[in-house]
Amino acid sequence: MNCISEITNTPASEDEIKKIEKSLELEIPDVYRQFLLRTNGMVYNLCVLYGTDDIVDAYINNQLAEYVPGYLSIGNDNGDRELIIKADRKAIMCGFIDAGAIGTAEPDKWFNFSEWLKAGCMILSENDSSLNEGNILIVSIPDDKIKFMLDIRSVFSLKMPMSEFKQNIENLPYVIVEDIKYAKAKKLISRLKHPECVIFSERRHTDKS
């Protein structure tokens, strides 16, 4: 971890993490598991990152099981926005959402948790022009996999052979479009039959990759 925190806690144990996974019947993403094993919660740049007990409390208090099943809240912006992430071992993307909008909306902006943590947990403005461009990623696959693939190929005009496409999405997340404007990405994603399986990830101008 490359950032210096304002407030950190003692590390969580594997037993503590497994206990909340069993309690919620959900997986803690590996990126957040590694964070908890370093510090069981942290406050940095006004952001609050939850420890094991807080994750359980946020899950119950925000009624995530009812409104966004399969997701966890792992922090907040020290205000009314919760930081949510998919409850999947391989999940890496997270985003802020107003607590009152949970279940009726989704984060406007998704970002890589590890990169954001290393960058200092900055809470970025919705109007920050450096966040207007990024990539579109497939993060999960629905049961009707073939129909989903055909839908993706059609909406995003992919020329990749189905055999190659099928092989590529075995390892998620998988980037299907690079360097696209947020507004256009959002419009394309809304046309999908399974928009919940695809996200937009911002690219900062300072990125070297």
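Residues numbered from 1 in each chain as written. Predicted model: local features only at pLDDT ≥ 70, side-chain atom pairs only at ≥ 80, totals over all residues. Heavy atoms only, no water.

**Overview of the overall build of the protein chain**
Here is step 1: Helices and strands together make up the secondary structure of the protein chain, namely eight helices and 10 strands.
Here is step 2: Sorting the 209 residues of the protein chain into buried and exposed places 47% on the buried side.
Here is step 3: Residue pairs in contact within the protein chain that sit at least 24 positions apart in sequence constitute 59% of those at least 6 positions apart.
Here is step 4: Carbon and sulfur atoms make up 48% of the accessible area of the protein chain, which totals about 11500 Å². (Helix = DSSP H or I, 4+ residues; strand = E, 2+ residues; numbered from the N terminus. Buried < 20%, exposed > 50% of the residue type's maximum accessible area, 1.4 Å probe, protein only. Contact = heavy atoms within 4.5 Å. Areas by Shrake-Rupley, 256 points an atom, 1.4 Å probe, with all protein chains shown as cover.)

**So, the packing of helix α1 (residues 14-24) against helix α3 (residues 52-61)**
Here is step 1: Following both chains from N to C, one finds α1 and α3 inclined at 15°, their axes separated by 9 Å at the closest point. As summarised for this structure, α1 and α3 are arranged roughly parallel, according to the angle between their axes. As for the relative orientation of α1 and α3, their crossing is right-handed in sense. Between α1 and α3, the residues in contact are E16, I17, I20 and L24 and T52, I55, V56 and Y59, respectively.
Here is step 2: Each residue belonging to the contact of α1 with α3 can be placed in one class, and the counts come to six nonpolar, one polar and one charged. (Axes fitted to C-alpha atoms, helices over the stretch in contact; angles between N-to-C directions. Parallel < 35°, antiparallel > 145°, perpendicular 65-115°, else oblique. Left-handed = near helix turned anticlockwise from the far one by under 90°. Nonpolar A, V, L, I, M, F, W, Y, C, P; charged D, E, K, R; others polar.)

**Some points on the sheet that holds strand β10 (residues 198-202)**
Here is step 1: One open sheet holds the three strands; their spatial order is β9-β8-β10, and the pairing between them is antiparallel. Every other strand in the sheet has two partners, leaving β9 (174-181) and β10 as the edge strands with one partner each. With direction set aside, neighbouring strand axes in the sheet form an average angle of 25°.
Here is step 2: Bridge count between strand β8 (residues 133-138) and β9: five bridges; the pairing is antiparallel. When the bridges of β9 are listed, I138 appears paired with Y174.
Here is step 3: Across the sheet, helix α8 (residues 182-190) lies against β8, β9 and β10, angled at about 135° from β9, the strand it touches most. (Pairing = 2+ DSSP bridges.)

Such coordinate-based values are descriptive only and should not be taken to indicate function.
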